[in-house]
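Results of the structural survey
Listed below, chain by chain, are the residues.
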Amino acid sequence: MFYPKNKQEQQKIADTLTSLDTLIQEQSNKIEQLKSHKRGLMQGLFPKMKN
């Protein structure tokens, strides 16, 4: 198995992975916001009928 021996290289890899984790979280949050917005739009199109 390959392990970077240079601490600088290890830090670059760790920083890249942290950055990717942040991007993934931001995109997940954006998806949830869009889903919520879609639910609101759908409720506007199909309001609940009162009996």
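That block above? That's the structure.
Note that this is a predicted model, so its numbers are computed, not measured.

About the cut-offs
- Residues numbered from 1 in each chain as written.
- Predicted model: local features only at pLDDT ≥ 70, side-chain atom pairs only at ≥ 80, totals over all residues.
- Heavy atoms only, no water.
- Helix = DSSP H or I, 4+ residues; strand = E, 2+ residues; numbered from the N terminus.
- Rg over C-alpha atoms; globule rule 2.2 N^0.38 Å.
- Buried < 20%, exposed > 50% of the residue type's maximum accessible area, 1.4 Å probe, protein only.
- Areas by Shrake-Rupley, 256 points an atom, 1.4 Å probe, with all protein chains shown as cover.
- Lys, Arg positive; Asp, Glu negative; His and termini not counted.
- Charge placed at Lys NZ, Arg CZ, Asp CG, Glu CD.
- Salt bridge = Lys/Arg side-chain N within 4 Å of Asp/Glu carboxyl O.
- Patch = residues over 30% accessible without salt bridge, like charges linked within 9 Å, V, L, I, M, F, W, Y side chains within 5 Å.

**Focus on the overall build of the protein chain**
- The number of helices and strands found in the protein chain is one helix and zero strands.
- Against the 2.2 N^0.38 benchmark of 10 Å for 51 residues, the protein chain shows a C-alpha radius of gyration of 22 Å, more extended than a compact globule.
- For the C-alpha atoms alone, the extent of the protein chain along its principal axes is close to 70 × 20 × 10 Å.
- Classification of the 51 residues of the protein chain by burial places 2% in the buried group.
- For the protein chain, the computed accessible surface area is about 5,400 Å², with 59% contributed by carbon and sulfur atoms.
- Positive and negative side-chain charges of the protein chain, numbering 9 and 5 respectively, have mean locations separated by a distance of 12 Å.

**Some words on the pattern of salt bridges**
- Taken as a whole and assessed by the stated rule, the structure comprises one salt bridge.
- We note a salt bridge from Glu-32 to Lys-35, for which the minimum N-O separation is 3.9 Å. Pair noted here: Glu-32 and Lys-35 are both in helix α1 (residues 7–45), with a separation of three residues, about one helical turn.
- Given the relative accessible area of 42%, Lys-35 is considered partly exposed.

**Observations regarding a nonpolar patch on the surface**
- On the surface, Ile-13, Leu-17, Leu-20, Leu-23 and Ile-24 cluster together into a nonpolar patch covering about 450 Å² of accessible area.
- Within the fold, Leu-17 resides in helix α1.

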